[in-house]
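Coordinates in review
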Amino acid sequence: MNKHYLLSQTKSTGSAYLFFLLFGARYIYLGKIAVQILFWTKLVALASRR
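Reading the values: the criteria
Sequence order as written defines residue numbering, which begins from 1 separately in each chain. Two thresholds apply to this predicted model, a pLDDT of at least 70 for residue-level local features and 80 or more for giving and counting side-chain atom pairs, whereas whole-chain, interface and lining totals are computed over all residues. With hydrogens and water stripped out, all remaining heavy atoms of the structure feed into the side-chain values. Strands are runs of DSSP state E lasting at least 2 residues, helices are runs of H or I lasting at least 4, and numbering of each runs from the N terminus. Exposure categories follow from relative accessible area, calculated using a 1.4 Å probe and restricted to protein chains: below 20% of the type maximum is buried, above 50% is exposed, and the middle band is partly exposed. In short, Shrake-Rupley with a 1.4 Å probe defines the accessible areas, and a residue's cover is counted only from the protein chains shown. Whether two residues touch is decided by their heavy atoms; if any such pair falls within 4.5 Å, the residues are in contact. The patches described consist of residues with a relative accessible area above 30% and no salt bridge, like charges being joined within 9 Å and nonpolar side chains (Val, Leu, Ile, Met, Phe, Trp, Tyr) within 5 Å. We count a salt bridge whenever a side-chain nitrogen from Lys or Arg sits within 4 Å of a carboxyl oxygen from Asp or Glu. Predictor confidence is given residue by residue as pLDDT, running from a minimum of 0 to a maximum of 100.

1. Details of the overall build of the protein chain
Helix and strand counts for the protein chain come out as four helices and zero strands. Along the protein chain, from the amino end to the carboxyl end, the secondary structure elements read α-α-α-α. Taken over 50 residues, the protein chain has a buried fraction of 6%. Summed over its atoms, the accessible surface of the protein chain is roughly 4600 Å², and 67% of this surface lies on carbon and sulfur atoms.

In structure tokens:
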């Protein structure tokens, strides 16, 4: 594998924490948008049960 390609594909730890803390979007950062929508849907369903 090309070293420059691998370095361009790595994720920043600081960006991951920023996405997680500000938006609760840990899965969007990893490219798993459907999982993130499912997570938010579950969160809203659990919050509305009260």
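2. Thoughts on the side chain of Gln36
On the secondary structure map, Gln36 appears in helix H4 (residues 33–48). Judged by relative accessible area, Gln36 falls into the buried class, the value being 0%. Ignoring anything within four residues of it in the chain, the contact list for Gln36 reads Gly24, Ala25, Arg26, Tyr27 and Ile28.

3. Observations concerning a nonpolar patch on the surface
Taken together, the side chains of Tyr17, Leu18, Phe20, Leu21 and Leu22 present a nonpolar region at the surface, about 570 Å² in accessible area. Along the chain, Leu21 turns up in helix H2 (residues 13–23).

4. Examining the confidence of the model for the protein chain
Overall, the predicted model of the protein chain reaches an average pLDDT of 77, with 80% of residues at or above 70. For the protein chain, the element scoring lowest by mean pLDDT is helix H1 (residues 3–9), at 69; H4 scores highest, at 88.

5. Remarks on the environment of Leu18
Checked against the element boundaries, Leu18 lands in helix H2. Assessed through its relative accessible area of 46%, Leu18 is described here as partly exposed. Between the C-alpha atom of Leu18 and that of Tyr29, which follows or precedes it by 11 residues, the distance is 9.9 Å.

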